[in-house]
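# Structural features, examined
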Amino acid sequence: TFWPPTPPARRCNGSTSTTSGTTLMAKHTYCRHSAEIEVPFFDVDVMQIVWHGHYVKYLEVARCAFLDAIGYNYNAMLKHGYVWPVVKLDLKYIRPARFGQKVCVDMVMTEYESCLRIDYTLRDAASGEKLTQAHTTQVAQRIDNGEMQFQTPESWQEAVRQFAGFAPLAKD
């Protein structure tokens, strides 16, 4: 045997592979939401596809629609004394979106108590073909002193729990 032991292999999605037959824990889906976007002319480049930087805007549009749906948008966050900067962003481009294309941005909230973590899938609205996958993480930061929070505010957690599509973790 070697010391230290070799760490488990990592897959592209971050999960570990095992040979022991144990099942990897899947992320819990707390909420789902969707928004549809039509690609405007000014978002495409000379190749007539969406410039890569505009996908971040599409995530923000979908996230804002979700925050409006739960009644805790950015104005509510400010009212409660917090800003929510994006601290992590990951995009995987699969197929380009094009001018005039209707794109459905499906989002899944996988964490809300320690941060706001959302997984996104952008699809062609007509065919369902996957275009892009993304993930964002936002944290609560107090406005008065700039302190980053290790737990999201109770006002946020309550708004999420009141959302009609909220699915709590099952109690053991």
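Residues numbered from 1 in each chain as written. Predicted model: local features only at pLDDT ≥ 70, side-chain atom pairs only at ≥ 80, totals over all residues. Heavy atoms only, no water.

## Side note on the pattern of salt bridges
As enumerated under the stated definition, the model contains 9 salt bridges in all. Where Glu154 meets Arg161, a salt bridge forms, and the shortest distance between an N and an O atom there is 2.4 Å. Using a relative accessible area of 47% as the deciding quantity, one classes Glu154 as partly exposed. On the basis of relative accessible area, Arg161 is assigned to the partly exposed category, the value being 29%. Across the pair Arg161 and Glu158 runs a salt bridge whose closest N-O atoms are separated by 3.3 Å. Remark: Glu158 and Arg161 occur in helix H3 (residues 154-162); sequence separation between them is 3 residues, near one turn of the helix. Classification of Glu158 as partly exposed rests on a relative accessible area of 34%. (Salt bridge = Lys/Arg side-chain N within 4 Å of Asp/Glu carboxyl O. Buried < 20%, exposed > 50% of the residue type's maximum accessible area, 1.4 Å probe, protein only. Helix = DSSP H or I, 4+ residues; strand = E, 2+ residues; numbered from the N terminus.)

## Observations concerning the confidence of the model for the chain
With 84% of its residues at a pLDDT of 70 or more, the chain has an overall mean of 88. Contacts for the low-pLDDT stretch residues 6-19, under 50 throughout, to residues beyond four places or in other chains number 13 contacts. (pLDDT = per-residue confidence, 0-100. Contact = heavy atoms within 4.5 Å.)

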